[in-house]
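Coordinates in review
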Amino acid sequence: MPIHRTARMPVLCCALLALPAQAVPTQEYEIEPVLGASSLVQPALLSGPGFQVDPHVEIRGYMARFTIDTRVGPIQAESVEILGDRIAELPALEALDQLTRGQAFLDAADDSVTKTAKGIGQVLRHPIKTLVGIPAGVARYFGKRLSRIGHQAQALSDRTARELGSAGNPYPRDDGPMTEAREIDREESDGRSGTNKHRWYDRTGAELEREVKRQLKYGQVRRELAERLGIDPYTSNPHLSERLDQLAWAGSGGRYAATAALGSIGGVGGIALAQGSQLNEIVWKLDPDQVRERNAQRLNRHCRDNLLMRQFLRRGTFTPSLQTAMIDALDRLQPAAGCDALLELAMTAQSELEARYIVNALGLIAHRLEARAHGGTLVTIGAGLAYDSVDGERVLPLPVDYLAWTDEVSRFLDNAAFAIEHKTVLLTGTATMRSQQELTGRGWNIVVDARERHTDRLVSRGDAVVERR
């Protein structure tokens, strides 16, 4: 099949070049550019069998937005990290695509089953329509205030619970329908059938309700498929998730051995993607209710506000995988205080990208401080996250792809809370020379590519030279 390609031009850059030299305005701050993909990632992530990355990459909210042209259609990746995940998922996507086009699957999955799977997939992947139009990138975490954003997030959480009508279970792509089906069985055995009139499937009809009751193994089969492929069962890759839905729905009916079918494709049983190594295996072994219960027990070791914990655990923005990854990072960090502040910040996340930002920020701190990480304090400054170590260092993690010196970055870093002597900023991506100069001029130690490093060498404050890998 031909690879779908999408042509885009860096319109803004071209427009500026077209102006006479004297007409180009002098900018006090930098603007986010359109860059060549090769300046951001290694060549192996740019092209390969069955895929090619568009060479023009827009920087939006300090994150790089890629388009991957594949045999099944274009795939968006909103950061360098997500690009790596999407490329790593391609062998699994091709394997599942082959299975869903095979005659054995087509014989087992008639039109009614396929339509039902598609309908459930839409409910699970898009449960919160109020989140449309959220800003791109992670620019909100450079804001001046958190309290107003946090208040809005709490209201959003309340609205979400009301919209879903499923006792606060807004996980995208989770086993919510299966959880409801188990409850239906309990009600029927107790003679209480029909007591709950506001379940999530009321909007999709009684036929789907009956289908859900017959397919209790859907979530289990989906997770088993994901585990065999080494991928996140809650992936936001639309092409991959759709095929997982189809195979899991057909496999849960007993007429199609979905996981066994993977063995019919040469080599697919041995797939172990890079993303798989970053997952806590409980997201494969446990259903989302069980994951949430386990994570609640772990959060209790660090946090105090029970209401905040319940709200966070019900937030659909953090899938079971991201939720577990955040608590894994908390366990590594072992802060003495500040967990509630972290949850308030996490409640403001309105996209997978923003949720990943918080997870990666915690991971950066834990990696950088290593043995001396334990016992510090998580603090929110403006709308950002920082960490005060036990030896008095204030650490600011910035897991961004491209840090330009914008007006909002300048105002964020001029916060009075950063007017201290011993402070370090951790960067995972590229910082412009202007950004480096402004940071060192404000007394920041800079660690670049901190997430990837095993040994770090700090530059002295005021030195414009920044360490590299």
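Quick caveat, the model's predicted, so the values are computed rather than measured. (Residues numbered from 1 in each chain as written. Predicted model: local features only at pLDDT ≥ 70, side-chain atom pairs only at ≥ 80, totals over all residues. Heavy atoms only, no water.)

This brings us to the overall build of the protein chain. Helix and strand content of the protein chain: 18 helices and 13 strands. Out of the 469 residues belonging to the protein chain, those deemed buried represent 53%. When contacts within the protein chain are restricted to residue pairs at least 6 apart in sequence, long-range pairs at least 24 apart make up 69% of them. For the protein chain, the accessible surface area stands at approximately 20,900 Å², while carbon and sulfur atoms represent 51% of it. (Helix = DSSP H or I, 4+ residues; strand = E, 2+ residues; numbered from the N terminus. Buried < 20%, exposed > 50% of the residue type's maximum accessible area, 1.4 Å probe, protein only. Contact = heavy atoms within 4.5 Å. Areas by Shrake-Rupley, 256 points an atom, 1.4 Å probe, with all protein chains shown as cover.)

Looking now at the packing of helix α8 (residues 218–229) against helix α9 (residues 238–252). The interhelical angle for the contact between α8 and α9, taken along N-to-C directions, is 125°, at an axis separation of 8 Å. By the angle between their axes, α8 is oblique relative to α9. α8 and α9 meet at a crossing whose hand is right-handed. Seen from α8, the contacting residues are Tyr218, Val221, Arg222, Leu225 and Ala226; seen from α9, they are Ser241, Leu244, Asp245, Leu247, Ala248, Trp249, Gly251 and Ser252. By residue class, the composition of the contact of α8 with α9 is eight nonpolar, three polar and two charged. (Axes fitted to C-alpha atoms, helices over the stretch in contact; angles between N-to-C directions. Parallel < 35°, antiparallel > 145°, perpendicular 65-115°, else oblique. Left-handed = near helix turned anticlockwise from the far one by under 90°. Nonpolar A, V, L, I, M, F, W, Y, C, P; charged D, E, K, R; others polar.)

Looking now at the packing of aromatic side chains. The full count for this structure, using the stated rule, is seven aromatic pairs. Ring centres of Phe312 and Phe318 lie 5.0 Å apart, and the angle between their planes is 65°; on these two criteria the pair is classed as edge-to-face. Exposure class is identical for Phe312 and Phe318. Each is buried. Ring centres of Phe412 and Phe418 lie 5.5 Å apart, and the angle between their planes is 70°; on these two criteria the pair is classed as edge-to-face. Judged by its relative accessible area of 3%, Phe412 falls in the buried class. The rings of Tyr62, Phe142, Phe412, Phe418 and Trp444 are connected pair by pair, giving a single aromatic cluster. For the cation-ring pair, Arg140 lies above Tyr141, with the distance from its terminal atom to the ring centre recorded as 5.9 Å. (Phe/Tyr/Trp six-rings, centres within 6.5 Å; stacked < 30°, edge-to-face > 60°. Lys NZ or Arg CZ within 6 Å of the ring centre and 35° of its normal.)

Looking now at the pattern of salt bridges. By the definition in use, this model includes 21 salt bridges. Note that Glu94 is salt-bridged to Arg71, the shortest N-O span being 2.7 Å. You can see Glu94 sitting in helix α2 (residues 80–100) and its partner Arg71 sitting in the loop between β5 (63–70) and β6 (73–77), a full 23 residues away along the chain. Judged by relative accessible area, which is 34%, Arg71 ranks as partly exposed. Here Lys285 makes a salt bridge to Glu227, at a shortest N to O gap of 2.8 Å. One end of the pair, Lys285, is in helix α11 (residues 282–285); the other, Glu227, is in helix α8, with 58 residues separating them in the sequence. Residues joined in a network through salt bridges with shared partners are Glu81, Asp85, Glu352 and Arg356. (Salt bridge = Lys/Arg side-chain N within 4 Å of Asp/Glu carboxyl O.)

Glancing now at the nonpolar core. Ranked by size, the top nonpolar core spans 110 residues in total, and within it Phe66, Leu299, Phe318, Met326 and Leu403 carry the most contacts. Ranked by residue count, the leading element in this core is helix α16 (residues 352–369), at 11 residues. Contacts of Phe66, omitting those with residues within four sequence positions, involve Ala37, Leu40, Val41, Val53, Val57, Ile75, Gln76, Ala77, Ser79, Val80 and Leu83. (Core = buried A, V, L, I, M, F, W, Y, C linked by side-chain atoms within 4.5 Å.)

What follows concerns the packing of helix α14 (residues 320–333) against α16. Viewed as axis vectors pointing N to C, α14 and α16 meet at an angle of 20°, and their least axial separation amounts to 9 Å. By the angle between their directions, the pair α14 and α16 is classed as roughly parallel. For the crossing formed where α14 meets α16, the hand is left-handed. Where α14 approaches α16, its residues Leu322, Ala325, Met326, Ala329, Arg332 and Leu333 are matched on the opposing element by Glu352, Ala355, Arg356, Ile358, Val359, Leu362, Gly363, Ile365 and Ala366. Tallied by class, the residues present in the contact of α14 with α16 amount to 11 nonpolar, one polar and three charged.

Right, let's get into the pairing of strand β9 (residues 394–398). Burial analysis of β9 places five of its five residues in the buried class, the great majority of the element. Counting the residues in the hairpin turn of strand β8 (residues 384–388) and β9 gives five residues, including Gly392, whose phi is positive at 90°. Sheet analysis places β9 next to strand β11 (residues 423–427), joined by five bridges and oriented parallel. Its bridge partner being in β11, Val395 is matched across the sheet by Thr424. (Pairing = 2+ DSSP bridges.)

Attention now moves to the side chain of Asp232. Position of Asp232 among the secondary structure elements: in the loop between α8 and α9. Buried Asp232, no salt bridge; nearest opposite-charge side chain is Arg356, N-O distance 5.9 Å. A polar side-chain atom of Asp232 sits 2.6 Å from a polar atom in the side chain of Ser321. (Lys, Arg positive; Asp, Glu negative; His and termini not counted. Polar contact = N/O pair within 3.5 Å; in protein donor to acceptor, adjacent residues only side chain to side chain.)

This brings us to α2. For an α-helix the count is 3.6 residues per turn, leaving residues at separations of three or four pointing the same way. In a regular helix each residue adds 1.5 Å, so 21 residues correspond to 30 Å; α2 covers 29 Å between its end C-alpha atoms and thus fits that length. For α2, a buried count of 15 out of 21 residues is recorded, marking the element as mostly surrounded by other parts of the structure. (Expected span 1.5 Å × (residues − 1).)

Honestly, that's just the spatial picture; any functional story needs more than this.
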